[in-house]
Amino acid sequence: MKYAGLLVMPAGFFLTVAALVLFSQPAQRGVFVVCGLVVECLGLVVAVRGHMPARGESRL
Amino acid sequence: MNPAATIPIPASSDAYYGLALVLLLLAPLAIAGLALVNTGLGRSRSAAQAILGNLAVVSVAAIAFALFGAAIAGVLPGTAGGAGHAFHAAGHTWNWIGSGSFLLSGFSSAPVPAQLALLFEMAGVAFAAVIPWGSGADRWRLAAGCAATAIVAGIVCPLMMHWVWGGGWLAALGPDFSLGAGFLDPGGAATVQVVGGLSALALIWLLGPRAGKYPRTGISTAMPGHNAVYVLFGCLLGLVGWLAWNAAGAILWMNAPLAALPIVAVNTVLSAAAALGATLAITRYRFGKPDASLCANGWLAGLVTSSACAAVATPVESIFAGLVAGIITPLLVELLELALSIDDPSGAIAAHAAAGLWGLFAVGFFAPKPGQLIAQLVGIATLLGIVLPLVYLLFALLNRIVPFRVDPDGERMGMDLHELGGGAYPEFVIHRDESYR
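Keep in mind that this is a model prediction, so the values were computed, not measured.

K.L.:
Explain the pairing of strand β2 (residues 92–97) of chain B here, please?
P.N.:
All names here are of chain B. Pairing analysis gives 5 bridges linking strand β1 (residues 85–89) to β2, with the strands arranged antiparallel. Bridging across to β2, Ala86 finds its partner in Asn95. Where β1 folds back on β2, the antiparallel hairpin that results is connected by 2 residues, among which Ala90 adopts a positive phi of roughly 55°.

In structure tokens form, the structure reads like this:
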């Protein structure tokens, strides 16, 4: 799951770059860029959850 | 209002470049301050390894940048010219990596601004490399830290620096896509602070928490820093470095004239002060008393935010930016530690990554040109979507060659005894883990 999250994050980045190329209107660009950022945030959440250690894993 | 943008660009002069050089010679004080913070927030049985590690990390970063990082950043003109390598797609040119010279060849004959830019970037990569060192405290091996530093300072930071400062595609968002002045980062909030903070996150994911941090039952174990005086003096030392850092960045990356530099300094102080005030109030409200280490993180978060905003914002806007950073930081530190099980002893993710991202976002509102907010969002998307996965991938590969984490016996013994053979405080009693429970 942690690797899936890390793969989703570049996908969000390419969405923001696509927004620059595909749209010329600032409003459309802005919405699309924000969508890309939301995708990145989802990927970050998945990556964070995937990396959470099980309780007691770090016990001495 | 953008104070740096409303005053005409100065004619270059030796005196002006001399000022920039003096500022750049003071800027490493910020690194010294952060080294003290990193050491103070770790445990006493790892203090000598922590401060030696800061020194080693700075050394490796400088050498890695000189050998190949500067070529990637494209500061000095190389065989293919200083413009960098670009490809054409969708009707636009995408300058993605520098084409500077390796081994700093041609440095002495380069124009003075290029030499100063290289000095700024060299200090910047060292700064970025010190940030994750604090997050790996008490469990990150020195050799692995040095190897990881070569990656951060030799590849990741220079790549971002080329995109932002070296005429790369993020800098070209202004002329190519009519997005304000392109991605703005005059003080290294993105190229230094966020890159360092995200490297810390990737590192913590790979290292895992300190032994005993998250027991099977109950809340996480408190492992307070061993020396609040180091931490808070490091914050004061950091202010001096940050003042020089932001002013030098305004000169080099925004062509700010002398008349615009005092307001950059004022904004830096105001941002840090507002952040400290906010963190003091938040911790006082939540815990009944102000928390020294969280206040230090809040202060640093204000300084990090100023790296993005100081050359672009008004004093009132700087106070606002600092206030938000000071509110976010203690809450995020708590969220990361308690809810997400991310053991970050130095609070680098909150103070450097999150505060830097906030500052870069705020610049989009403060900068006067239309489209600036979108340019800043694209820069933030680059940091989260490219830099974080890239650092994680490189660190994960390196971890297979040079294991990052010390063995359990070494961690129990303390990094000082295990790695250096002697402690930082030989005459003091070193507490056992149980004393923190």
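And the narrative resumes.
K.L.:
So what exactly am I meant to see when it comes to the interface of chain A and chain B here?
P.N.:
Interfaces are often sized by the accessible area lost when the parts come together. Tallying the contact residues gives 26 residues for chain A and 29 residues for chain B. The dominant element in the side of chain A that touches chain B, judged by the number of residues it contributes, is helix α2 (residues 26–51) of chain A, at 11 residues. Grouping the amino acids of the side of chain A that touches chain B by side-chain chemistry returns 15 nonpolar, 7 polar and 4 charged.

K.L.:
How should I be thinking about unusual backbone geometry in this particular structure?
P.N.:
If a residue is not glycine, its phi is most likely negative; likewise, a peptide bond is most likely trans. All names here are of chain B. Although it is not a glycine, Leu103 sits at a positive phi angle of roughly 55°. Position of Leu103 relative to the elements: it lies in the loop between β2 and α5 (112–135). C-beta crowding within 10 Å serves as the criterion here: with 11 such atoms nearby, Leu103 is assigned to the exposed category. The phi dihedral of Ser341 falls on the positive side, at around 55°, and the residue is not glycine. Counting through the fold element by element, Ser341 comes out in the loop between α12 (315–339) and α13 (348–366).

K.L.:
Looking at this structure, I do not really get the nonpolar core. What am I missing?
P.N.:
The tendency in soluble globular proteins is for nonpolar side chains to be buried side by side. Counting residues in each nonpolar core, the largest one holds 174 residues, and the members touching the most others are Ala126, Val130, Ala153 and Ala248 of chain B. Excluding anything up to four places from it in sequence, Ala248 of chain B contacts Ala20, Leu23, Leu24, Ala27 and Phe120 of chain B.

K.L.:
Looking at this model, I keep getting lost on helix α6 (residues 142–165) of chain B. Mind explaining?
P.N.:
In an α-helix, one full turn covers 3.6 residues, which means residues spaced three or four apart are oriented alike. Bending of α6 of chain B peaks at approximately 35° at the position of Cys157 of chain B, with proline Pro158 of chain B no more than four residues after it. The buried fraction of α6 of chain B is high, at 19 of 24 residues.

K.L.:
How should the environment of Trp299 of chain B be read in this particular structure?
P.N.:
Residues and elements named next belong to chain B. Residue placement: Trp299 occurs in helix α11 (residues 292–309). Between the C-alpha atoms of Trp299 and Leu119, which are 180 residues apart in sequence, the distance is 26 Å. Beyond its immediate sequence surroundings of up to four residues, Trp299 is in contact with Cys235, Ala272, Ala275 and Leu276.

Analysis parameters
Residues numbered from 1 in each chain as written. Chains lettered and ligands numbered in written order. Predicted model: local features only at pLDDT ≥ 70, side-chain atom pairs only at ≥ 80, totals over all residues. Pairing = 2+ DSSP bridges. Helix = DSSP H or I, 4+ residues; strand = E, 2+ residues; numbered from the N terminus. Contact = placed C-beta atoms within 7 Å. Nonpolar A, V, L, I, M, F, W, Y, C, P; charged D, E, K, R; others polar. Buried ≥ 20, exposed ≤ 12 C-beta atoms within 10 Å, placed from the backbone. Core = buried A, V, L, I, M, F, W, Y, C linked by C-beta atoms within 7 Å. Bend = angle between axes of the 7 residues up to and from the residue.

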